[in-house]
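# Commentary on secondary and tertiary structure
Here is what each chain is made of, one letter per residue.
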Amino acid sequence: MNGWQSEPVTGAVLTNAQLVLADEVITGSIRIEDGKIAAIDSGAVRGAGSVDLDGDYLIPGLIDLHTDNLEKHHQPRKGVFWDPVIAVISHDAQVIAAGITTVFDSLTLGAASGWDARAEMIEPMISGLTVANAQGLLRADHRLHYRCEVTHPDIQAIVEAHLDHPLLQFLSLMDHAPGDRQSPDIERYRSFYLPAFGHDEAALDRHITDLMTKSKTIGPENRRLIAELGRVRDIPLASHDDASVAHIEEAKDLGCAVTEFPTTLEAATAAKAVGLQVLMGGPNLILGGSHSGNVAAGDLAKAGQLDLFASDYIPSSMLAAAFKLTAPPFGWTLPRAITTVTKVPAEAAGLDDRGEITEGRIADLVRVRQVNGRPIVKGVYRQGVCLF
């Protein structure tokens, strides 16, 4: 346990709740022993130690496999770098408030752009997370997710330097070269990144040419080498921004379990066909489409080609996305929708002790009330401990 609670809760009962189980919603109660779900009962239970949830939903704690949110707290403005321990504490408070009890902080290794500050942020962010976690200052269960840019010439050495961190539990393979994957439209890429290059068109053109060349010359081998590093350590692996059947076939051959943010319906369909989980960002669904102009999460959901959500860059988007799936034009049941942010990400990350309200699982739970159609987090429990 973290320092906020020395011992898991025993003897607490959460009652009079709408329990969102794997395949149904029931009015009932949960009894907690040693920080785990000991019993699930239908109906309300009265007595000492019981907490009346007033008919609110009780769902498993959300599990976020991919969030860039820590980066925003470490660098709140361009060129401004915050204290790394305070930054991760602020990030932790935000994810807990969003109902996320297990979070994979996705940090970029080998930034694709020379102007990108992520290269200098990686060491302090890892250090800040390590210190805050060791000192018991965090309420969510934090894990590390390294996003590995395969176009970087030194990516293998960079990954190896950080590979033995005890919090590392997820790897993803990225290639941000324009002309493919996330940025098939090179002119759109140029328009987006030109301000970052001080409107120096020649410098941006050199950057584009360099990335596209590295994608073809060193990208495939770097992808293979990093995948092998993950496999030998039994670290779950994802491929990022897959756009074609060929990308999915490569990801499958490398041992990937997840395709993150596929950019086309073709790629998502191919992924499902070979057993890869399809992950999309919550903001994509809430905003009605991709900010990059790629496939909409809503279209994948309607086509039956979506498995799970991550928060991407807005922690509160996960819960909102799950509930949005229950409304037209999707019409998913609430249990099915909630699995996209709980059970399915737990399975993708190899976490078999959480993600579902069932006996024996960790009592990471979220109390939710719908207010004017919006799901609002009213309380969060970690191993039965009420955080707010």
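Source: prediction; values computed, not measured.

About the thresholds
- Residues numbered from 1 in each chain as written.
- Predicted model: local features only at pLDDT ≥ 70, side-chain atom pairs only at ≥ 80, totals over all residues.
- Heavy atoms only, no water.
- Helix = DSSP H or I, 4+ residues; strand = E, 2+ residues; numbered from the N terminus.
- Buried < 20%, exposed > 50% of the residue type's maximum accessible area, 1.4 Å probe, protein only.
- Contact = heavy atoms within 4.5 Å.
- Phe/Tyr/Trp six-rings, centres within 6.5 Å; stacked < 30°, edge-to-face > 60°.
- Lys NZ or Arg CZ within 6 Å of the ring centre and 35° of its normal.
- Axes fitted to C-alpha atoms, helices over the stretch in contact; angles between N-to-C directions.
- Parallel < 35°, antiparallel > 145°, perpendicular 65-115°, else oblique.
- Left-handed = near helix turned anticlockwise from the far one by under 90°.
- Nonpolar A, V, L, I, M, F, W, Y, C, P; charged D, E, K, R; others polar.
- Pairing = 2+ DSSP bridges.
- 1 Å grid on protein atoms, 1.4 Å probe; cavity = no way out; pocket = protein on both sides within 12 Å on 5 of 7 lines; lining within 4 Å.
- Points joined across faces, edges and corners; volume = space filled by probe spheres on them.
- Patch = residues over 30% accessible without salt bridge, like charges linked within 9 Å, V, L, I, M, F, W, Y side chains within 5 Å.
- Areas by Shrake-Rupley, 256 points an atom, 1.4 Å probe, with all protein chains shown as cover.
- Salt bridge = Lys/Arg side-chain N within 4 Å of Asp/Glu carboxyl O.
- Arc of directions from axis to C-beta.

### Observations regarding the environment of Ala-267
- Inspection of the secondary structure puts Ala-267 in helix α9 (residues 265-274).
- Exposure remark for Ala-267: the relative accessible area of 0% places this residue in the buried category.
- Linking Ala-267 and Gly-110, residues 157 residues apart in sequence, is a C-alpha distance of 25 Å.
- When near neighbours in sequence (up to four residues on either side) are disregarded, Ala-267 contacts Asp-242, Ala-243, Ser-244, Ile-248 and Pro-262.

### Concerning the packing of aromatic side chains
- Evaluated as defined, the whole model comprises four aromatic pairs.
- Ring centres of Phe-104 and Phe-170 lie 6.0 Å apart, and the angle between their planes is 70°; on these two criteria the pair is classed as edge-to-face. One end of the pair, Phe-104, is in strand β7 (residues 100-109); the other, Phe-170, is in strand β9 (residues 168-174), with 66 residues separating them in the sequence.
- With a relative accessible area of 0%, Phe-104 lands in the buried category.
- Directly above the ring of Trp-332 sits Arg-336, whose terminal nitrogen or CZ lies 3.6 Å from the centroid.

### Overview of the packing of helix α5 (residues 186-193) against helix α6 (residues 201-217)
- Relative orientation of the contacting elements α5 and α6 amounts to 130°, with a least axis distance of 11 Å. If you check the angle between α5 and α6, you find them oblique. Crossing hand, α5 versus α6: right-handed. Across from Ile-186, Tyr-189, Arg-190 and Tyr-193 in α5, the residues of α6 making contact are Glu-201, Leu-204, Asp-205, His-207, Ile-208, Leu-211 and Met-212.
- Per-class residue counts for the contact of α5 with α6 are seven nonpolar, one polar and three charged.

### Comments concerning the pairing of strand β2 (residues 25-33)
- Bridge count between strand β1 (residues 12-20) and β2: seven bridges; the pairing is antiparallel. Opposite Ala-12, over in β2, you have Ile-32 as the bridge partner.
- Two strands pair when backbone bridges link them, and β2 and strand β3 (residues 36-42) are joined in this way by six bridges, in the antiparallel orientation. In the strand pairing of β3, Glu-33 is matched with Lys-36.
- Hairpin remark: β2 followed by β3, antiparallel, with two residues in the connecting loop; positive phi at Asp-34, about 55°.

### A word on empty space enclosed by the protein
- Evaluated as defined, the whole model comprises two cavities of 30 Å³ or more.
- The volume enclosed by the largest cavity comes to roughly 50 Å³.
- Forming the boundary of the largest cavity are Val-20, Leu-21, Ala-22, Pro-60, Pro-335, Ile-338, Thr-339, Thr-342, Lys-343, Gly-355, Glu-356 and Ile-357.
- A per-element tally of the lining of the largest cavity places helix α13 (residues 334-339) first, with three residues.
- Of the residues in the lining of the largest cavity, the class split is seven nonpolar, three polar and two charged.
- By volume, the second largest cavity is sized at about 40 Å³.

### Some thoughts on a nonpolar patch on the surface
- The grouping of Val-80, Trp-82 and Ile-86 at the surface amounts to a nonpolar patch, some 270 Å² of accessible area in total.
- Relative to the helices and strands, Ile-86 is located in helix α2 (residues 84-97).

### Observations concerning the sheet that holds strand β11 (residues 258-260)
- Taken in spatial order, the eight strands make up an open sheet running β6-β7-β8-β9-β10-β11-β12-β13, and their pairing is parallel. With partners counted over all chains shown, the strands left at the sheet margins are β6 (62-67) and β13 (308-310), one partner each. Sheet twist, expressed as the mean angle between neighbouring strand axes with direction ignored, is 25°.

### Thoughts on α9
- If you check which residues of α9 are buried, you get Ala-267, Ala-268, Ala-270 and Ala-271. In a view along the axis of α9, the buried residues occupy a sector of 165°, so they form one face of it.
- Check the buried side of α9 and you find it contacts α8 (245-254), β11, β12 (277-281) and α11 (297-302).
- Positioned one or two residues after α9, Gly-275 has a phi angle of 90°, which is positive.

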